[in-house]
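# Geometric and topological summary
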Amino acid sequence: MSASRQVLSYVGLPVGLVKIDKCHTEFNFQQAYTFLKAMIKEWLEREIEPRVFNRKIVAAIELASPHGRGGQYSVCWVAMKFLEELWNMTFTIQSPWVNFLNRLKMKNLNSPDDLMVSGSSFTDCIVGGPMTPEEMVLDIFRYKFPIIW
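Here's a quick rundown of the structure. Residue numbers run consecutively from 1 along every chain, following the written order of its sequence. Under the rules for a predicted model, residues below a pLDDT of 70 receive no local features and side-chain atom pairs below 80 are neither given nor counted, while totals for whole chains, interfaces and linings still include all residues. Note that water and hydrogens are dropped before the side-chain values are worked out from all heavy atoms of the structure.

### Looking at the sheet that holds strand S1 (residues 6–10)
Defined as follows: Should DSSP find at least two bridges between two strands, the strands are regarded as paired. Working definition: helices are DSSP H or I runs of at least four residues, strands are E runs of at least two. Numbering for both runs from the N terminus.
A sheet is described by the order of its strands in space; here four strands give the open sequence S1-S2-S3-S6, paired in antiparallel fashion. Edge positions in the sheet fall to S1 and strand S6 (147–148), since each has one partner strand and no second. In this sheet, S6 lies alongside strand S3 (residues 25–27) in antiparallel orientation, the contact comprising two bridges. Looking at the pairing, Glu26 lines up with Ile148 of S6.

Below, the structure written as structure tokens:
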């Protein structure tokens, strides 16, 4: 792969996507999530209340498993769809991920780095887990990214 990597940014902040070459993009969930939280803080001009944010996380993760939460989904697609839904609950402008999300396959692997997850068990784990929904999302996605596709 080429040595020239282009970090994609929005208002000067990295959005978790790095264009590696003409055909490959790296998706870093942690960086994208950090960007989203920074944008919400800037928009609200304060930190969002954790209880409110956790309700948004639960709603966004449920929307990221669209077919009655059943079936297998690409973890890359679920993570990006989750970010997209969380963005759309907060902002009226298009997210920096929408074009990449539209290129991802929902029900198939997007790259050798990708893996499939069960929609219902994934959602149930986040909603009914031993930690807050935010902690569960970060814990689950921590080991699955970055992914190159």
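### Here's the deal with the side chain of Glu26
Going by this rule: Whether two residues touch is decided by their heavy atoms; if any such pair falls within 4.5 Å, the residues are in contact.
Positionally, Glu26 belongs in strand S3. Not counting residues up to four positions away in its chain, the partners in contact with Glu26 are Arg5, Gly16, Leu17, Val18, Ile20, Pro146, Ile147 and Ile148.

### As for the packing of helix H2 (residues 50–63) against helix H6 (residues 133–142)
Rules: Every axis corresponds to a line fitted to the C-alpha atoms, with the helix fit spanning only the stretch in contact, and the corresponding angles, defined between N-to-C directions, vary from 0 to 180 degrees. Angle categories are assigned with fixed cut-offs, so that under 35 degrees is roughly parallel, over 145 is roughly antiparallel, 65 to 115 is roughly perpendicular, and the rest are oblique. Ten residue types, Ala, Val, Leu, Ile, Met, Phe, Trp, Tyr, Cys and Pro, are classed as nonpolar, four, Asp, Glu, Lys and Arg, as charged, and the remainder, Gly among them, as polar.
Where H2 contacts H6, the axes come no closer than 8 Å and their chain directions differ by 50 degrees. The angle between H2 and H6 falls in the class oblique. For the pair formed by H2 and H6, the contact residues are Phe53, Asn54, Ile57 and Val58 on the first element and Pro133, Glu134 and Val137 on the second. Considered class by class, the residues forming the contact of H2 with H6 number five nonpolar, one polar and one charged.

### Re helix H3 (residues 75–90)
Rules: One less than the number of residues in a helix, times 1.5 Å, gives the span that helix is expected to have. Relative accessibility under 20% of the residue-type maximum defines a buried residue, over 50% an exposed one, and the middle range a partly exposed one, all with a 1.4 Å probe and only protein chains included.
Relative to the 22 Å expected for 16 residues at 1.5 Å per residue, H3 spans 23 Å between its end C-alpha atoms, a close match to the ideal helical length. With respect to burial, H3 is a largely interior element, 14 of its 16 residues being buried.

Nothing here speaks to function; it is geometry throughout.
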